[in-house]
Amino acid sequence: MTYYLTTVLVYAAVDILACLAISLQFGVSGIVNFSFIIFQAAGAYTAAVLSLPRDTANGGFQTYILGLNLSFPLPWIAATLVGALLAPPIGLVVLRRLRSDYQAIAMLVLSVIASLVVTNTPAFLDGAAGLSLVPQPLSDKFNPYSEAYLWAYTAGALILAVIVFFIAQRIINSPYGRSLRAMRENEVAAKALGKNAVALKMTVFVVGGAIAGLSGAILVGFITTWAPSTWLYPETLILFAAVIVGGRGNNYGAVLGALLVPVGFEEATRYLPPFGPPGLIPALEWVCIGGLILGFLWFRPRGVLPERRRVFPPRRQVAEVGNPSASRD
Amino acid sequence: MPVETDADPVTPVAGRPALDQPPPLLVAQHVSRHFEGVRAVEDVSIDVLPGRITGLIGPNGAGKSTFLAVLAGTLPASSGRIIFDGHDVTALPAFRRARRGLVRTFQLPSEFAQLTVLENLLAAAPDNRGDTLRGALLGKRYWKGDEDRLVEQARVLLDRFRMSAKESDYASSLSGGQKRLLEIMRALMLQPRLLLLDEPMSGVHPSIIGDIADYCEALRDEGLTILMVEHELHMIERMANPVVVMAQGSVIGQGTMAALRQQREIVDAYLVG
């Protein structure tokens, strides 16, 4: 029971982080980053190859680069940095010149390319088989199979999710967040009003990439394995569905969406009695995810918890001179 | 800034100001914009004098809005130079031109729909310490002073344009005329030196057309320079001096409206009736 609960909660923390990042990029800034899962995967692989010993250890049954056997928290910090550093090259190619719909297609293609490259170069990250036996953080000092360790890991993951939530709150409630929303609403007009749209997109792309990298490190540290099959491009669509259901541009909506869709929805379907041919239930899950996206975009496009309207406190009453007071309705 | 009200003589194309006039705020020299063989703007040269409303008129498809977009940097020029306030801004992107005081509005409403009216104005305001990622991460105490100042500045504008009651409404809920006013207010938040207005009166209720004209004249009287594309010729006649006429991508004449009406080819091209 402990293992089940902690697994659900760690997945919840990882999905919350991912949804907060997608909400910043897509919900607040209008960047349709269909390559999001690449950033999470980059973080996971980074944390893995920095935690693992040389690939000649364990009989050399898997091949990968680095294998530096670094101690926690260095692999997690590096994973966050790699997620952030991956953003500029992708952003410079995709975000500078392409329109948003073409950006989305380019990102999707990039996601597929990345998966194919990793799958077909086994010497890089062990190809399709993926990495396993990834050392868990501090497993040399504590027993990673103990209940205390599982709960501590869960608490750590949730605390990181809370910290990132407050960072995301600072961003969206600031003038910088307002500029991101203005760019989302009308990029050409925002540029004509002095906003450097490329810089705005790049910064939020880097922030989202860093959060994604961290989420990948948390996940691989818990499940101790990572392979191309865990980060196929449809995983991004689940996260987008979560943000659309929860509420775009609202961090509370992102958290709610993470709990409802990737966590709640998948847990709920786990207990369905088996029926139909093998693979029918997972296939129906995808149908339901697609239905959720379409249904919400059609009937409640702003999600369960819509982006809130910013109302400023009324000005202090002062004697006004010379201004017309009549209202234009 | 004193405002010239007397009529200028008609010049066939791209006339230069007389010696006693102040130097132009904006000079467009042989500006062209081609779209894969289509010459939307062809070798256009105009001067925009400070403290005036310069009208830019012409039939649909004359290239007026394209020319305005090239001036603002929304579209790059295919050739030619644009000198603003003595500096060559031809290679600068739109956001850098805006920060220098060359600000435009759009032919179609371009409000930030899911931002409130007040937020639309604040989104345009420069010099807010919280308008960077670093500033945002440092927290509200770091940027609250700037924000309060800009909110007050925006509210003064809302008062002036009699839009205060709409402050917290989403911009998408405004009427067509209110959206036009919002665009002008939003541009004014940048404290521009030259305001490029692209058909600010199109699709607007007649009562608001008069208001927009009043506001433009008041802004001109305060020293703001305006270049305005508009089809409401009676308003152009009332406000603008000089008026530049474009047809088929080129300037075919400029001067006062009264003088332009005397030119046969201009009347044939655009002023029929």
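In case you missed it, the structure is sitting above this.
Okay, so let's go over this structure.

1. Overview of the overall build of chain A
Okay, so step 1: Within chain A one finds twelve helices and zero strands.
Okay, so step 2: When the helices and strands of chain A are placed in sequence order, the string is α-α-α-α-α-α-α-α-α-α-α-α.
Okay, so step 3: Seen through its principal axes, chain A has C-alpha atoms that stretch 85 × 45 × 40 Å.
Okay, so step 4: Counting the 329 residues in chain A, one finds 46% classified as buried.
Okay, so step 5: Counting contacts in chain A only where the partners sit at least 6 residues apart, residues at least 24 apart contribute 80% of the total.

2. Things to note about helix H4 (residues 100–119) of chain A
Residues and elements named next belong to chain A.
Okay, so step 1: If you check H4, its first and last C-alpha atoms are 29 Å apart, about what 20 residues at 1.5 Å a residue would give, namely 28 Å.
Okay, so step 2: Every buried residue belonging to H4 is among Gln103, Met107, Ser111, Ala114 and Val118, and all of these are buried. One side of H4 holds all its buried residues, which, seen down the axis, span an arc of 85 degrees. Every exposed residue of H4 that faces more than 90 degrees away from the buried side is listed here: Asp101, Tyr102, Ile113 and Leu116.
Okay, so step 3: Against the buried residues of H4 lie helix H2 (36–51), helix H3 (74–94), helix H5 (122–125) and helix H10 (234–246).

3. Describing helix H9 (residues 197–223) of chain A
Residues and elements named next belong to chain A.
Okay, so step 1: Helix length check: H9, at 27 residues, gives a terminal C-alpha distance of 39 Å against a target of 39 Å (1.5 Å per residue), a fit within 8%.
Okay, so step 2: By the criterion of burial, H9 is predominantly enclosed, with 22 of the 27 residues buried.
Okay, so step 3: A positive phi of about 60 degrees marks threonine 224, the residue just after H9.

4. Thoughts on the nonpolar core
Generally speaking, soluble globular proteins have nonpolar side chains that are buried together.
Okay, so step 1: Ranked by size, the top nonpolar core spans 179 residues in total, and within it Ala13(A), Leu17(A), Cys19(A), Leu20(A), Ala48(A), Ile218(A) and Val245(B) carry the most contacts.
Okay, so step 2: At 15 residues, helix H1 (residues 2–28) of chain A tops the list of elements feeding residues into this core.
Okay, so step 3: Aside from chain neighbours lying at most four places away, what touches Val245(B) is Ile57(B), Gly58(B), Val251(B), Ile252(B), Gly253(B), Gln254(B), Leu260(B), Ile266(B) and Tyr270(B).

5. What about the interface of chain B and chain A?
Okay, so step 1: Taken together, the contact between chain B and chain A spans 46 residues of the former and 35 residues of the latter.
Okay, so step 2: Mapped by element, the contributors of at least two residues to the side of chain B that touches chain A are helix H2 (94–100), strand S6 (102–104), helix H3 (117–124), helix H4 (133–138), helix H5 (140–160) and helix H6 (176–188) of chain B.
Okay, so step 3: With seven residues, the top contributor of residues to the side of chain B that touches chain A is H5(B).
Okay, so step 4: Among the residues forming the side of chain B that touches chain A, the class breakdown is 23 nonpolar, twelve polar and eleven charged.

6. Topic: the sheet that holds S6(B)
Pairing between the strands of a sheet is mediated by backbone hydrogen bonds and can be parallel or antiparallel.
Residue and element names in this part refer to chain B.
Okay, so step 1: Strand order in the open sheet formed by six strands is S6-S7-S8-S3-S9-S10, with mixed pairing between adjacent strands. In this open sheet, the two strands that pair with only one neighbour each are S6 and strand S10 (250–255). Adjacent strand axes in the sheet meet at a mean angle of 20 degrees, parallel and antiparallel pairs treated alike.
Okay, so step 2: Taken together, the three bridges between strand S3 (residues 53–57) and strand S9 (residues 243–247) define a ladder with parallel strand orientation. Looking at the pairing, glycine 55 lines up with valine 243 of S9.
Okay, so step 3: The strands that helix H1 (residues 64–72) touches are S3, S6, strand S7 (194–198), strand S8 (225–229) and S9; relative to S7, the one it contacts most, it runs at about 150 degrees.

7. Overview of the sheet that holds strand S2 (residues 38–48) of chain B
Residues and elements named next belong to chain B.
Okay, so step 1: Sheet architecture is open: four strands sit in the order S2-S1-S4-S5, paired in antiparallel fashion. Single-partner strands in this sheet number two, and they are S2 and strand S5 (87–88).
Okay, so step 2: In terms of strand pairing, strand S4 (residues 79–84) meets S5 through two bridges, oriented antiparallel. By the bridge assignment, phenylalanine 84 is partnered in S5 with histidine 87.

How each quantity is defined
- Residues numbered from 1 in each chain as written.
- Chains lettered and ligands numbered in written order.
- Predicted model: local features only at pLDDT ≥ 70, side-chain atom pairs only at ≥ 80, totals over all residues.
- Helix = DSSP H or I, 4+ residues; strand = E, 2+ residues; numbered from the N terminus.
- Buried ≥ 20, exposed ≤ 12 C-beta atoms within 10 Å, placed from the backbone.
- Contact = placed C-beta atoms within 7 Å.
- Expected span 1.5 Å × (residues − 1).
- Arc of directions from axis to C-beta.
- Core = buried A, V, L, I, M, F, W, Y, C linked by C-beta atoms within 7 Å.
- Nonpolar A, V, L, I, M, F, W, Y, C, P; charged D, E, K, R; others polar.
- Pairing = 2+ DSSP bridges.
- Axes fitted to C-alpha atoms, helices over the stretch in contact; angles between N-to-C directions.

Without other data, these values stay purely geometric and don't point to any function.
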